[in-house]
Amino acid sequence: MHVRATTKVYGIFGHPVSHSLSPIMHNAAFRKLNLDCVYVAFDIHPTNLDSATQAIKSLGILGVNVTIPHKERIISFLDETSPEGTLTGAVNTVKNEDGKLTGYNTDVEGFLMAIKEDLGVIPRGLRILLLGAGGAARAVLTGLCMNEASEIYLVNRTIDKARALASEFKKSYKDISIEPYSLEDTDSVERSLRTADLLINASSSGMKGVAPIKLQLELLPKDSMIYDLVYKPRETDLLKGAKELGLKAAGGLSMLIYQGAKSFEIWTGEKAPVDVMRKAIV
Ligand code: NAP
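## Description of the site of the ligand
Next up, step 1: The ligand sits among 24 residues. The nearest are Ala133, Ala136, Asn156, Thr158 and Gly252.
Next up, step 2: Taking arginine 157, its side chain carries an N or O atom lying 2.9 Å from an oxygen atom of the ligand.
Next up, step 3: Here an oxygen atom of the ligand sits 3.2 Å away from a polar atom, N or O, in the main chain of leucine 256.
Next up, step 4: For the ligand, the accessible surface in isolation is 930 Å², of which the surrounding protein chains cover 79%.
Next up, step 5: At a threshold of 2 Å from the grid points, most atoms of the ligand map onto the largest pocket.
Next up, step 6: At the level of secondary structure, the elements contributing two or more residues to the shell around the ligand comprise α5 (135–146) and α9 (253–268).
Next up, step 7: Considering only residue class, the shell around the ligand consists of 13 nonpolar, nine polar and two charged.

## Some remarks on the sheet that holds strand β12 (residues 248–251)
Next up, step 1: Sheet architecture is open: six strands sit in the order β9-β8-β7-β10-β11-β12, paired in parallel fashion. The sheet is open, and its two borders are formed by β9 (177–182) and β12, each paired with just one other strand. Neighbour-to-neighbour, the strand axes of this sheet turn through a mean angle of 15 degrees, independent of strand direction.
Next up, step 2: Note: strand β8 (residues 151–156) against β9, six bridges, orientation parallel. Residue pairing across strands places leucine 154 opposite proline 180, the latter belonging to β9.
Next up, step 3: Those strands touched by helix α6 (residues 159–172) are β8 and β9, and its axis lies near 170 degrees from that of β9.

## Examining the sheet that holds strand β6 (residues 100–104)
Next up, step 1: Sheet architecture is open: six strands sit in the order β2-β1-β3-β5-β6-β4, paired in mixed fashion. The open sheet is flanked by β2 (37–43) and β4 (80–81), the only strands paired with a single partner.
Next up, step 2: When strand β1 (residues 8–14) meets β2, the two strands line up parallel, connected through seven bridges. The residue of β2 that forms the bridge with lysine 8 is cysteine 37.

## Structural notes on the layout of surface pockets
Once rolled over the atoms, a probe with the size of a water molecule shows which space is left empty.
Next up, step 1: Its volume calculated, the largest pocket comes out at about 1400 Å³.
Next up, step 2: In terms of lining, the largest pocket is formed by 45 residues, of which the most central are Ile68, Ala136, Ser203, Ser204 and Met207.
Next up, step 3: When contributions to the lining of the largest pocket are tallied by element, the ones reaching two or more residues are β3 (63–66), α5, β8 and α9.
Next up, step 4: Among the domains, domain 1 (8–105 + 259–281) and domain 2 (108–251) are the pair contributing at least three residues each to the lining of the largest pocket.
Next up, step 5: When its volume is computed, the second largest pocket comes out at roughly 190 Å³.
Next up, step 6: For the second largest pocket, the lining is made up of 13 residues, of which Pro212, Ile213, Leu215, Asp237 and Leu238 are closest to its centre.
Next up, step 7: It is helix α8 (residues 237–245) that contributes the most residues to the lining of the second largest pocket, three residues altogether.
Next up, step 8: Taken together, the residues that form the lining of the second largest pocket break down as six nonpolar, four polar and three charged.

## Topic: the pattern of salt bridges
Next up, step 1: Under the counting rule described, the total for this entry stands at twelve salt bridges.
Next up, step 2: Between lysine 57 and aspartate 79 there is a salt bridge, and its shortest N-O distance comes to 3.4 Å. With lysine 57 in helix α2 (residues 49–58) and aspartate 79 in the loop between β3 and β4, this pair connects stretches of sequence that are 22 residues apart.
Next up, step 3: Given a relative accessible area of 44%, aspartate 79 falls into the partly exposed group.
Next up, step 4: Of the charged contacts in the structure, one is a salt bridge between aspartate 197 and arginine 127, with a shortest N-O distance of 3.7 Å. Here the residue aspartate 197 occupies a position in the loop between α7 (186–195) and β10 (198–201), and arginine 127 occupies one in strand β7 (residues 127–131), the gap between them amounting to 70 residues.
Next up, step 5: The exposure class of arginine 127 is partly exposed, given its relative accessible area of 33%.

## With respect to the nonpolar core
Next up, step 1: If you look at the biggest cluster of nonpolar residues, it comprises 51 residues, and the most contacted ones within it are Leu130, Leu144, Ile152, Ile200 and Tyr227.
Next up, step 2: With eight residues, the single largest contributor to this core is α9.
Next up, step 3: Domain assignment of the residues forming this core places at least three in each of domain 1 (8–105 + 259–281) and domain 2 (108–251).
Next up, step 4: Once residues within four sequence positions are removed from consideration, leucine 144 is found in contact with Phe111, Pro123, Ile128, Leu130, Ala149, Ile152 and Ile200.
Next up, step 5: Counting 17 residues, the second largest nonpolar core, distinct from the first, contains Leu129, Leu199, Leu220 and Ala242.

## Description of the environment of alanine 202
Next up, step 1: On the secondary structure map, alanine 202 appears in the loop between β10 and β11 (225–228).
Next up, step 2: Along the chain, alanine 202 and alanine 137 lie 65 residues apart, while their C-alpha atoms are 5.1 Å from each other.
Next up, step 3: Excluding residues within four positions of it along the chain, alanine 202 makes contact with Leu130, Leu131, Gly132, Ala136, Ala137, Val140 and Leu229.

The rules behind these values
- Residues numbered from 1 in each chain as written.
- Predicted model: local features only at pLDDT ≥ 70, side-chain atom pairs only at ≥ 80, totals over all residues.
- Heavy atoms only, no water.
- Near = heavy atom within 4 Å.
- Polar contact = N/O pair within 3.5 Å; in protein donor to acceptor, adjacent residues only side chain to side chain.
- Areas by Shrake-Rupley, 256 points an atom, 1.4 Å probe, with all protein chains shown as cover.
- 1 Å grid on protein atoms, 1.4 Å probe; cavity = no way out; pocket = protein on both sides within 12 Å on 5 of 7 lines; lining within 4 Å.
- Sits in = over half its atoms within 2 Å of the grid points.
- Helix = DSSP H or I, 4+ residues; strand = E, 2+ residues; numbered from the N terminus.
- Nonpolar A, V, L, I, M, F, W, Y, C, P; charged D, E, K, R; others polar.
- Pairing = 2+ DSSP bridges.
- Axes fitted to C-alpha atoms, helices over the stretch in contact; angles between N-to-C directions.
- Contact = heavy atoms within 4.5 Å.
- Points joined across faces, edges and corners; volume = space filled by probe spheres on them.
- Domains from an automatic or database assignment.
- Salt bridge = Lys/Arg side-chain N within 4 Å of Asp/Glu carboxyl O.
- Buried < 20%, exposed > 50% of the residue type's maximum accessible area, 1.4 Å probe, protein only.
- Core = buried A, V, L, I, M, F, W, Y, C linked by side-chain atoms within 4.5 Å.

Nothing here speaks to function; it is geometry throughout.
See below:
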């Protein structure tokens with residue numbers, strides 16, 4: 001890669017950000033398509049988010065991804081937000097068009113692409129047990145509601161967060177049943193497991209350094225499936241449990257790749273070389 005005076009700059013805003021796989025993935029895509037572009041990581045302290053966002057304009061940076069802890073707060077510094085971004089209340093992609101900053105949430109489409117490609121499912125009409133009520137769960141819930149899932153059991157360690165999220169989404173999606181449960185409410189969790197077509201882990205449980213949630217996976221119907229958003233480690237305890245029971249399951253790496261591919265397409269207008277992006281981070 002040759003960085004020249006003409007090279008266009010993209011990047012990621014996060015804090016911390018040194019663990020991010022996005023620079024490897026996007027630079028591989030730029031190289032593959034021979035684009036005179038470079039992608040770098042910017043460690044932005046929360047107190048500097050406003051000035052850093054203004055600097056996207058003043059420095060002529062063409063686009064950034066946004067990760068923890070800035071996804072929600074950056075919205076107030078942008079000129080416009082896409083419908084998915086507004087509904088999710090979080091933005092993970094910003095495009096700079098002649099000084100106008102628009103925010104998008106490509107996690108929503110990344111998640112939908114991942115379950116379609118890896119599991120062969122679309123949410124329409126499905127009963128879903130969703131674990132978590134943080135940022136990732138909000139993106140998943142947006143995708144599920146926009147695509148007409150029929151029932152969603154929203155299970156979280158902190159019940160108040162699940163209740164708040166469920167009541168917020170119920171206002172926009174009156175036809176979808178969204179029931180919040182505490183992880184400690186074992187009766188409700190067991191009942192949800194017995195009827196779920198798809199179990200999705202959008203909590204941090206099972207990621208490196210965070211204890212996995214213990215679930216009685218054997219209660220799931222034999223044809224149900226599991227999608228675990230966690231991608232570090234690649235094979236989580238949840239995926240191991242699914243394998244033992246012969247359930248179709250997939251981990252979060254594909255969502256990471258598809259959300260990145262969608263960002264790439266929003267910025268460049270080019271079709272993302274998904275296989276190259278996957279190979280770069282695998
Ligand atoms: P977040 O906003 O911090 O939310 C974390 C969620 O996990 C909360 O619901 C929290 O429950 C729950 N949680 C944390 N530790 C737990 C534990 N020990 N037991 C049970 N629940 C626990 O984080 P996030 O952005 O939503 O990310 C969640 C996970 O998704 C992370 O592992 C992240 O890497 C992954 N993710 C993957 C992708 C992808 O592309 N594959 C995209 C986004 C996120 P409380 O409300 O009780 O705290």
